[in-house]
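Architecture and fold: a report
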Amino acid sequence: MSTRLLIVDDHPNARDLIRGFLTMPGLTVQECASGHDALARVREFRPHWVTMDIQMPGLNGFETTRAIKEVHPDARIMIVTSFNDPHFRKLADSAGASGFILKENLLALRLMLENETGNKGAAAGTSPNAIAGPKSKRILVLDDDQELRTTFSLLQSKDGYTVTQAYTGRDAITLHQKESFDLVVVELLLPDNQGIETLTELRKLPSPPKTIATARPGWMPTEVYSKMARQLGVHGTVPKPFHPEQLLALVKDVLDA
């Protein structure tokens with residue numbers, strides 16, 4: 001039986017983005033642009049999952065979530081937004097939402113859906129801090145976003161790499177000096193220039209690893225970000241949000257080069 005997903009967002013581009021990230025075999029997707037439309041669609045479509053925007057005309061995302069849970073309590077509703085606000089997270093929880101995901105971290109939701117639809121997600125119970133597989137390649141991920149670090153680790157475990165997480169630039173340097181990673185993935189725009197400084201320090205090491213730089217959306221045009229990353233000697237760049245297959249292809253290309 002197909003897993004049913006309803007995307008609720010008043011912006012067509014946002015719906016396109018979410019649909020593009022989440023479409024996979026075994027998933028049936030419908031969309032609507034308002035809370036009132038969502039309520040009507042839920043009664044007919046009976047979705048297993050709902051992605052919910054916050055700011056919409058008429059009913060907002062929290063009001064719509066509460067109303068949906070009254071008529072379809074089994075629906076798992078994920079607030080998907082660009083606003084990383086602790087107050088919004090509390091409102092989502094009180095409305096009955098199952099989760100709160102930033103649009104740049106849609107990979108986390110994709111992994112949940114992959115597990116449910118049988119599209120070979122990461123094994124349940126595996127620790128995200130160091131996930132080992134049959135391949136010898138070792139990857140270190142430096143990002144200040146816990147959700148994205150975990151998502152990246154789960155994603156890479158699907159291809160059999162060993163993935164370790166770092167929380168600060170200094171941690172990343174120390175870990176590499178101890179364990180010598182084949183690839184280090186660095187968020188370029190970490191606070192206090194940690195991303196840029198880490199890439200610079202890695203280049204100075206006697207045996208520097210290959211590197212991939214990521215960057216949050218909206219900070220600069222993609223071409224400017226890519227040029228900056230190349231000047232830092234990275235072997236590949238991927239702006240957020242990215243599709244899982246795009247990331248896996250880049251990692252493979254960089255490691256195989």
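Here we summarise the structure given alongside this text. (Residues numbered from 1 in each chain as written. Predicted model: local features only at pLDDT ≥ 70, side-chain atom pairs only at ≥ 80, totals over all residues. Heavy atoms only, no water.)

**What about the pattern of salt bridges?**
Put simply, the test is: Each salt bridge in this description consists of a side-chain nitrogen of Lys or Arg and a carboxyl oxygen of Asp or Glu lying within 4 Å of one another. Strands here mean DSSP runs of E at least two residues long; helices mean DSSP runs of H or I at least four residues long; both are numbered from the N terminus. For every residue, the accessible area (1.4 Å probe, protein chains only) is compared with the maximum for its type, and the residue is labelled buried under 20%, exposed over 50%, or partly exposed between those bounds.
One pass over the structure, following the stated rule, counts 10 salt bridges. A salt bridge links R19 to D16; the nearest nitrogen and oxygen atoms lie 2.9 Å apart. Highlighted residues: R19 and D16, both in helix α1 (residues 12–22), separated by three residues, approximately one helical turn. For R19, a relative accessible area of 29% gives the class partly exposed. Judged by relative accessible area, which is 38%, D16 ranks as partly exposed. The salt bridge involving E31 is made with R19; its shortest N-O contact spans 2.2 Å. Taken together, the residues span a long stretch of sequence, with E31 in strand β2 (residues 27–32) and R19 in helix α1 at a distance of 12 residues. With relative accessibility at 25%, the residue E31 sits in the partly exposed group.

**A look at the packing of helix α3 (residues 61–71) against helix α4 (residues 86–95)**
How we decide: Axis lines are fitted to C-alpha atoms, over the contacting stretch for helices. Their N-to-C directions set the angle, which ranges from 0 to 180 degrees. Should an angle fall under 35 degrees it is called roughly parallel, over 145 degrees roughly antiparallel, and 65 to 115 degrees roughly perpendicular, with every other angle called oblique. Left-handed describes a crossing in which the near helix is turned anticlockwise from the far one by less than a right angle; the clockwise case is right-handed. Working rule for contacts: check all heavy atoms of both residues, and any pair within 4.5 Å makes them a contact.
At a minimum axis distance of 9 Å, the contact between α3 and α4 shows a crossing angle of 15°. Between α3 and α4, the crossing angle belongs to the class labelled roughly parallel. Viewed along their axes, α3 and α4 form a crossing whose handedness is right-handed. Taken together, the residues of α4 that come into contact with α3 (itself represented by F62, T65, R66 and K69) are F88, L91, A92, S94 and A95.

**Quick look at the pairing of strand β8 (residues 162–166)**
Threshold: The rule for pairing is simple: two strands pair if DSSP sees at least two bridges between them.
Of all five residues that make up β8, five are buried, and the element is covered over most of its length. By the alternation rule, side chains of β8 split into T162, T164 and A166 and V163 and Q165, which are all buried. Sheet topology places strand β7 (residues 138–142) next to β8; five bridges connect them, and they run parallel. Looking at β8, one finds that L140 is bridged to T164.

**Considerations on the sheet that holds strand β4 (residues 76–81)**
As summarised here, the arrangement of the five strands in space is β2-β1-β3-β4-β5, forming an open sheet in which the pairing is parallel. Edge positions in the open sheet fall to β2 and β5 (99–102), since each of these has one partner strand only. Each adjacent strand pair in this sheet contributes to an overall mean axis angle of 25°, direction not counted. Of the pairings in the sheet, the one linking strand β1 (residues 3–8) to strand β3 (residues 49–52) comprises four bridges and is parallel in character. Across the sheet, V8 pairs through a bridge with M52, a residue of β3. Seen against the sheet, α1 touches β1, β2, β3 and β4 and runs at an angle of roughly 175° to β2.

**Focus on the nonpolar core**
Rules: Take the buried residues of types Ala, Val, Leu, Ile, Met, Phe, Trp, Tyr and Cys, join any two whose side-chain atoms come within 4.5 Å, and each joined set is a nonpolar core.
By size, the foremost hydrophobic cluster in this structure holds 32 residues, and its most contacted members are L22, L113, I139, L183, I212 and V251. Breaking this core down by element, the ones donating at least two residues are β1, α1, β4, α5 (106–117), β7, α6 (146–157), β9 (183–187) and α10 (244–256). Residues contacting L183, with those up to four places away along its chain left out, are R138, I139, L140, K210, T211, I212, V251, V254 and L255. In this structure, I54, A67, A75 and L102 belong to the second largest nonpolar core, which totals 24 residues.

**Some thoughts on the packing of helix α2 (residues 35–45) against α3**
Across the interface, α2 lies against α3 with an axial gap of 10 Å and an inter-helix angle of 15°. Taken together, α2 and α3 sit at an angle that is classed as roughly parallel. In this structure, α2 crosses over α3, and the sense of that crossing is right-handed. The residues of α3 that touch α2, namely those facing G35, A38, L39, V42 and R43, are T64, A67, I68 and V71.

**Examining the packing of aromatic side chains**
Put simply, the test is: Pairing of aromatic rings covers Phe, Tyr and the six-membered ring of Trp, with a centre-to-centre limit of 6.5 Å; geometry is then stacked below 30 degrees between planes, edge-to-face above 60, and tilted otherwise.
Considering all chains together, one arrives at two aromatic pairs under this definition. Judged by centre distance (5.9 Å) and plane angle (50°), the rings of F62 and F88 are tilted. Of this pair, F62 sits in helix α3 while F88 sits in helix α4, placing them 26 residues apart in sequence. For the pair F62 and F88, one class covers both residues: buried. For the ring pair F83 and F88, a centre distance of 6.3 Å and an interplane angle of 85° mean the geometry is edge-to-face. F88 sits in the buried class, given a relative accessible area of 17%. Site record: aromatic cluster; members linked through ring pairs are F62, F83 and F88.

So, to be careful, I would describe these as geometric facts and stop short of saying anything about function.
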